[in-house]
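Descriptive analysis of the structure
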Amino acid sequence: MATLANYSVSTSRNGASHNLTGYVQGFQQIARCQIGRASHFDAVITLSNQTGDFTPAEGGGTGTFANWEWFNSEIRISLVAGSGDHIFEGLVTDFRIVDDGVRSAVTLTCEDWLSVTQSNSFTVIEGGATTEQSPAGFIYAV
């Protein structure tokens, strides 16, 4: 984890959350900015699956994440240095396991919440009360 000493990577879904930082082998964040359009942010995160924690139950997995629904999960990459700043917050759009019999790794492809939902139109009616939610929590509420 020495390479990620300044970052924290976590996932959450339906009120349950897990810190993934100890599994992270590396991540890449991509930002595409276009004039007159909303920016688009992606993240690709590689996780070690040497312990089998990410092997799905359908494939015989019994680890921590065997029954985790990745495509309903929020991913958050944050700076650890007390600021609480998030450098990425989005939803998992792809989950891939690569296992060659010696090494096993999971690659999560994630997109920012606006990019994932922009093709679906929806109406939000605010009831006068102001509440603060994460983008993924907002999507689940809608």
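Quick caveat: nothing in here was measured; it's all calculated off a predicted structure. Along every chain, residues carry numbers that run from 1 in the direction the sequence is written. Per-residue local features are limited, in this predicted model, to residues with pLDDT of at least 70; the limit for side-chain atom pairs, both in listing and counting, is 80 or more; totals at the level of whole chains, interfaces and linings are taken over all residues. Neither water nor hydrogens contribute to the side-chain values; these are computed over all heavy atoms in the structure.

With respect to the helices and strands, T11 occurs in strand 1 (residues 7-13). A polar contact of 3.0 Å, which involves the side chain of T11, links it to the backbone oxygen of E74. If sequence neighbours within four positions are ignored, T11 has contacts with A16, S17, H18, L20, F65, W68, W70, S73, E74 and I75. Each helix corresponds to a stretch of at least 4 residues labelled H or I by DSSP, and each strand to a stretch of at least 2 residues labelled E; elements are numbered beginning at the N terminus. The term polar contact refers here to a pair of N or O atoms within 3.5 Å; inside protein, the definition further demands a hydrogen-donor-capable atom paired with an acceptor-capable atom, and it admits residues adjacent in sequence only when both atoms are side-chain atoms. Any two residues whose heavy atoms approach within 4.5 Å are treated as being in contact.

On to unusual backbone geometry, then. You will see that N14, though not glycine, has its phi angle at about 50°, which is positive. In this fold, N14 is placed in the loop between strand 1 and strand 2 (16-19).

The pLDDT score gives, residue by residue, the confidence of the prediction method on a 0 to 100 scale. Model confidence for the protein is summarised by a mean pLDDT of 80, while 75% of its residues fall at 70 or above. Per-element confidence in the protein is highest for strand 7 (residues 104-112), whose mean pLDDT is 93, and lowest for helix 2 (residues 135-141), whose mean pLDDT is 61. For residues 120-126, every residue scores under 50 in pLDDT, and the model assigns this stretch 5 contacts once sequence neighbours within four places are set aside.

What follows concerns the sheet that holds strand 4 (residues 40-48). Note: strands within a sheet are paired through backbone hydrogen bonds, in either parallel or antiparallel orientation. Strand order in this open sheet of 7 strands is 2-1-5-6-7-4-3, and the pairing throughout is antiparallel. Two strands lie at the open edges of the sheet, namely strand 2 and strand 3 (24-32), each paired on one side alone. Averaged over all pairs of adjacent strands, the angle between their axes in this sheet comes to 30°, without regard to strand direction. Where strand 6 (residues 86-99) and strand 7 come together, 9 bridges link them in antiparallel fashion. Paired with D99 across the strands is S104, a residue of strand 7. At least two DSSP bridges between two strands are needed for those strands to be called paired. A fitted line through C-alpha atoms serves as each axis, taken over the contacting stretch for helices, and the angle formed by two N-to-C directions is quoted from 0 to 180°.

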